[in-house]
Every structure is written in C-alpha cells, then in structure tokens.
Amino acid sequence: MLIMRQSALGKIHKIFLYSVNAFKYKEGIIAIEKIISHDKRFYENVKLLYDLGLLYDHYAMQQKNNLLRLRYENKALVLYQKAILLDKEAPIAWWSIGRIWWHRKNKKSIFFAKKAYNLIKKTRSSERGLYAQAIGLCYESIKEYKKAEYWLKKGVSLSKDLGVYVNLLQFYQLHKKTLPHSYLERAQMLFKKEKSIFKKTPWGEKIKTLIESFEK
C-alpha cells in the first residue's frame, strides 16, 4: 500500500505541474481529488496539501465572481492550515497561507512570508531566493515598492532559478523601470536551457513574451 501511495504521489505531482503550466487549475483539482478520494492518508502529506491548495487559490484568481473567488480561496486556506498542523517547520506551509493574504493585498501576508523565509534559511534549499522574493511580492501588493524591489533583488542573489528572474522582470515591466542588462542576459540564458516541452506551455510562452519585451 505504501508503494502504491508513493506511486500515486508521483502521478499527482505530474498532474500538478501540467495543470499549473497550462493554467488548467480546475482540471488538476478534479484529477487529484479523484486519486486521493480512495485514501485519506494522502492528506497527511504536506507537499500534496500545498499542491492541491495552490491549484485552488490559482483557480480562485480566475473567478470574476467575488463569492466564488472567496469560496476557492477558503478551500485553499483549509488545506494550507492542515499542512502547518502536520509540520510547523515546513516553509512551504507558512508561505501558502501568506499567498492567500498576498492575493487579498493584505499586509498580514508579510508575516507569513517572513516566517517561511526564516525557516528556509536554515536549509540549503535552492528555493531560498524564491522565498525571499515572496516577501517582495507581498510588499509590492501593499505599494511599498522600495522594499519590494530590495527583496526581489535579494532573491536573485540567492538563487540561479529562472523563476527569480521572471519575478524581477515582471516587477520592472509593471513599474516601467529600466532593467539592468545583466538580469536580462541571465534570464535569456536560463530560459534557453529549459526543455522545449516547457517552452511550449502557456506559462513558458508567457515567460518568452516577457523576456522579449525587454529585448526590443
């Protein structure tokens, strides 16, 4: 049974990645919940709770109806809270709750983002840069742009991940700031290294368009 669950978790993560990159959040939710409905012990996995919660809160953002958006955000919040109860030292669980407050443009998000960042700092995780940037995104949402830029740049200094450059480029694009050429070159190089299958996803196409907007 344990082997079966591990196999299912691998399948679930593939569904999650496809759904996120293709922006097909509802499809991902339905597929994952169908798998885990047969064994409630899946709900004891922090990563699974995060993945499913993330699909719910992204799906919430697609809703034009505020009541529907709130409903799906609350579903995500319940999953994230379960994750924290399972592991209070899991950075991903704390940032998950921060995501909800970030979407709501509420300064409460900063507490959760900083809590997650302080936890991830204790590890050697390559995601430290993204967690630092989460703080920046929260500051941006409440219009504290200098602090936002500071944390977004700090994230770039801590990680070699394409994601940190995407976040920084989006910030510079949104606020019509001049992007240092070194950041653009690094983003171009990292994107070039991505697999062609990723580049063809809606998310990959969006990143490509973002980079090209700075090349003109």
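Enquirer: Please explain the side chain of Q133 as it appears in this structure.
Expert: Here Q133 lies in helix α7 (residues 128–141). Q133 gets classed as buried once you look at its relative accessible area, which sits at 0%. A distance of 2.8 Å separates polar atoms of two side chains, one belonging to Q133 and the other to N167. Leaving out residues up to four positions away in the same chain, Q133 has contacts with W151, L152, G155, V156, G163, V164, N167 and L168.

Enquirer: Quick question: what am I supposed to make of the packing of aromatic side chains here?
Expert: The description of two aromatic rings rests on the distance between their centres and on the angle between their planes. Here the structure, examined in full by the defined rule, presents twelve aromatic pairs. Ring centres of F111 and F112 lie 5.1 Å apart, and the angle between their planes is 80°; on these two criteria the pair is classed as edge-to-face. For F112, a relative accessible area of 15% gives the class buried. Taking the ring centre of W101 as reference, the NZ or CZ of R104 above it sits at 5.4 Å. A cation sits over an aromatic face here: K199 above F191, 5.5 Å from the ring centre.

Enquirer: Even after reading the chapter, I still don't get the packing of helix α3 (residues 46–61) against helix α4 (residues 66–86), so can you show me in this structure?
Expert: If you want to describe how two helices pack, look at the angle between their axes and the distance between the axes. Relative orientation of the contacting elements α3 and α4 amounts to 165°, with a least axis distance of 8 Å. With respect to their mutual orientation, α3 and α4 come out roughly antiparallel. Considering how the two elements wind past one another, α3 and α4 form a crossing that is left-handed. Contacts between α3 and α4 pair V46, L49, Y50, L52, G53, L54, Y56, D57, Y59, A60 and M61 from the former with R69, Y72, E73, K75, A76, L79, Y80, K82, A83 and L86 from the latter. Taken together, the residues of the contact of α3 with α4 sort by class into 15 nonpolar, one polar and five charged.

Cut-off values and rules
- Residues numbered from 1 in each chain as written.
- Predicted model: local features only at pLDDT ≥ 70, side-chain atom pairs only at ≥ 80, totals over all residues.
- Heavy atoms only, no water.
- Helix = DSSP H or I, 4+ residues; strand = E, 2+ residues; numbered from the N terminus.
- Buried < 20%, exposed > 50% of the residue type's maximum accessible area, 1.4 Å probe, protein only.
- Polar contact = N/O pair within 3.5 Å; in protein donor to acceptor, adjacent residues only side chain to side chain.
- Contact = heavy atoms within 4.5 Å.
- Phe/Tyr/Trp six-rings, centres within 6.5 Å; stacked < 30°, edge-to-face > 60°.
- Lys NZ or Arg CZ within 6 Å of the ring centre and 35° of its normal.
- Axes fitted to C-alpha atoms, helices over the stretch in contact; angles between N-to-C directions.
- Parallel < 35°, antiparallel > 145°, perpendicular 65-115°, else oblique.
- Left-handed = near helix turned anticlockwise from the far one by under 90°.
- Nonpolar A, V, L, I, M, F, W, Y, C, P; charged D, E, K, R; others polar.

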